Each structure stands twice: as structure tokens, then as C-alpha cells.
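# Survey of secondary and tertiary structure
One letter stands for each residue in the lines below.
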Amino acid sequence: DTEVTQTPKHLVMGMTNKKSLKCEQHMGHRAMYWYKQKAKKPPELMFVYSYEKLSINESVPSRFSPECPNSSLLNLHLHALQPEDSALYLCASSQDKWDRGIYGYTFGSGTRLTVV
Amino acid sequence: DQQVKQNSPSLSVQEGRISILNCDYTNSMFDYFLWYKKYPAEGPTFLISISSIKDKNEDGRFTVFLNKSAKHLSLHIVPSQPGDSAVYFCAASGRSNFGNEKLTFGTGTRLTIIP
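Let me sum up the structure you'll find in this document. Keep in mind that this is a model prediction, so the values were computed, not measured.

### Observations regarding the overall build of chain A
When helices and strands are tallied, chain A shows zero helices and 11 strands. Beginning at the N terminus, the succession of helices and strands in chain A can be written as β-β-β-β-β-β-β-β-β-β-β. Expected size for 116 residues packed as a compact globule is a radius of gyration near 13 Å; at 13 Å, chain A falls within 12% of this value. Along the longest, intermediate and shortest principal axes, the C-alpha atoms of chain A span 35 × 25 × 25 Å. The buried share of chain A, taken over its 116 residues, is 49%. Partitioning the contacts of chain A with sequence separation of at least 6, the portion at a separation of at least 24 is 57%.

### Looking at the overall build of chain B
Helix and strand counts for chain B come out as zero helices and 11 strands. Secondary structure elements in chain B, listed N-terminal to C-terminal, are β-β-β-β-β-β-β-β-β-β-β. In terms of principal-axis extent, the alpha carbons of chain B reach across some 45 × 30 × 20 Å. Classification of the 115 residues of chain B by burial places 49% in the buried group. Within chain B, residue pairs in contact and separated by at least 24 positions form 56% of the contacts whose partners lie at least 6 positions apart.

### Notes on the sheet that holds strand β8 (residues 73–79) of chain A
Residue and element names in this part refer to chain A. The strand order across the open sheet built from four strands is β1-β3-β8-β7, with neighbouring strands paired in antiparallel fashion. Only two strands of the sheet have a single neighbouring strand rather than two, namely β1 (4–7) and β7 (64–70). Neighbour to neighbour, the strand axes of the sheet diverge by 20 degrees on average, direction disregarded. Looking at chain direction, β7 and β8 are connected through five bridges and run antiparallel. Paired with N70 across the strands is L73, a residue of β8.

### Structural notes on the sheet that holds strand β7 (residues 62–67) of chain B
Residue and element names in this part refer to chain B. Reading across the sheet, the five strands line up as β1-β3-β8-β7-β6 and stay open at both edges, with antiparallel pairing between neighbours. Single-partner strands in this sheet number two, and they are β1 (4–5) and β6 (56–59). Pairing analysis gives four bridges linking β6 to β7, with the strands arranged antiparallel. Along β7, the bridge assignment pairs D59 with F62.

### Focus on the pairing of strand β3 (residues 18–25) of chain A
All names here are of chain A. Two elements, β1 and β3, share four bridges in a ladder whose sense is antiparallel. Counterpart to T5 in the pairing with β3 is E24. Where β3 lies against β8, seven bridges are found, and the strand directions are antiparallel. Paired with L21 across the two strands is L76, which belongs to β8.

### Details of the side chain of K36 of chain A
In this fold, K36 of chain A is placed in strand β4 (residues 31–37). Excluding residues that lie within four positions of it along the chain, K36 of chain A makes contacts with P42, P43, E44, M46, E84, D85, A87, L88 and Y89 of chain A.

### Digging into the interface of chain A and chain B
On the side of chain B, 23 residues touch chain A, which itself brings 24 residues to the contact. Interface area for chain A against chain B, summed over the two sides, is near 1800 Å², with a carbon-plus-sulfur share of 56%. The interface formed by chain A and chain B contains zero salt bridges. When residues of the side of chain A that touches chain B are traced back to their parent elements, those giving at least two are β4, β5 (44–50), β6 (53–57) and β9 (87–94) of chain A. Here the residues of the side of chain A that touches chain B are counted per class, giving 14 nonpolar, six polar and four charged.

Reading the values: the criteria
Residues numbered from 1 in each chain as written. Chains lettered and ligands numbered in written order. Predicted model: local features only at pLDDT ≥ 70, side-chain atom pairs only at ≥ 80, totals over all residues. Heavy atoms only, no water. Helix = DSSP H or I, 4+ residues; strand = E, 2+ residues; numbered from the N terminus. Rg over C-alpha atoms; globule rule 2.2 N^0.38 Å. Buried < 20%, exposed > 50% of the residue type's maximum accessible area, 1.4 Å probe, protein only. Contact = heavy atoms within 4.5 Å. Pairing = 2+ DSSP bridges. Axes fitted to C-alpha atoms, helices over the stretch in contact; angles between N-to-C directions. Buried area = accessible area lost by both parts, 1.4 Å probe. Salt bridge = Lys/Arg side-chain N within 4 Å of Asp/Glu carboxyl O. Nonpolar A, V, L, I, M, F, W, Y, C, P; charged D, E, K, R; others polar.

Read these as layout, nothing more, since geometry by itself doesn't imply function.
This is how it looks when you write it as C-alpha cells:
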């Protein structure tokens, strides 16, 4: 299994809703990432998890709350989002956080989030 | 402050010809570079990478060239095929103790191969 699976593929939520994005990989990778991509912009790093521990938080607002329950799963809990948070949210994994993407990160297909 | 730049938002190339995608970076602490390809509604797919100790890396139809003095890299695809039509992102990571845990992406170049 060489895939990163993200669910749901699309999500529409109101500004008072609570929702979660899920990401799963079974490649034995020990680093997992959340990236955010706005239209016509490059992916921007949000969080890095290494061996199930939060390694990097790129000053992301607290309305985004990551969670790594085990080495295969990564969640992103969403609460009280703003319309400007609408974007494609990409999950990725790599062998570990120090491999510098030498073998390339494996990305999921993303969750297209719309906040109304 | 865009540390990795792809100045051509789009590029059209005839099928069978060479496609050359360019990328410039500003930070000399970057020492590993990667190219990703992205189709609509899919995540980026890793294509090829190069370490700063090399100036060329080749994998099938894809070759990446690195000019460290100019802080410039390019991706050559030859021959170009219709399936190569996608958005291509250049990405960089840094040395230990500087950002080697993350990739910094360029803004992307949309490549269209004309049959």
C-alpha cells in the first residue's frame, strides 16, 4: 500500500460547526504533515508530526487542532472556521521528518473545504 | 517572502518536444530540491529530486539540473507526452537545524502538452 488516504474529499461547513479531516497511511512512515493550499498558490505547511508527536506548528490558529492517534492516522479538527479558511487541505507522509523528502513525500488527494 | 519562485505560471509545448520548467530560490540554506507534479483534484506526486552536491539527476524522461551559483534549477522532460500536462511544483528543503523537516514550495507552472 503506497497511498495516503484522505477523507472526506469535499466538506462544506458553517462557521459554527465542528468537523474533522482524516488522513491514513500504511507505509510505515513515521512523519506526517498537514499542508494547506489556496487557489493558484503553493502548498503551505501547517503541522508536522514525527513519531506521533507534534514537531512543528507553523503558527496555525487554534481553530485548527491536529491529532495523531497512532502512527498510521492523522486528524485535523476544525472549529469556528472563517470563510478565508476555505482551501484544499493536503496530508502527506514521509519515512521520517529528517529524510528531507529525499524519497519524496507521499501526498493524499486532499480535502476540498468550503466554509460558509 | 517567496523563497522558491517559479516565474512562468504556464507553458505550452508540442508533443514530442522538450519541456523545460524553471525554478529559482533565494535561500542558500536550501540544499535539497524536488519536483512534484499535480493533476486537478489529486495531491502532488513526487517526480525527481536532487541534492546540492550534484548538478544533474536523471530518471527516464525527466532530468533535473541544478546551478547553485545562480540558485536556479530546471526540470527537463523529453520527449513530452500528453499525460505530462499538469501543474509542476518545485520544492526545497534545508540543512539540518534549518527547515529540513519541511518543504517550501514554489507557486507552480501549468504545463500543457499540445498533441
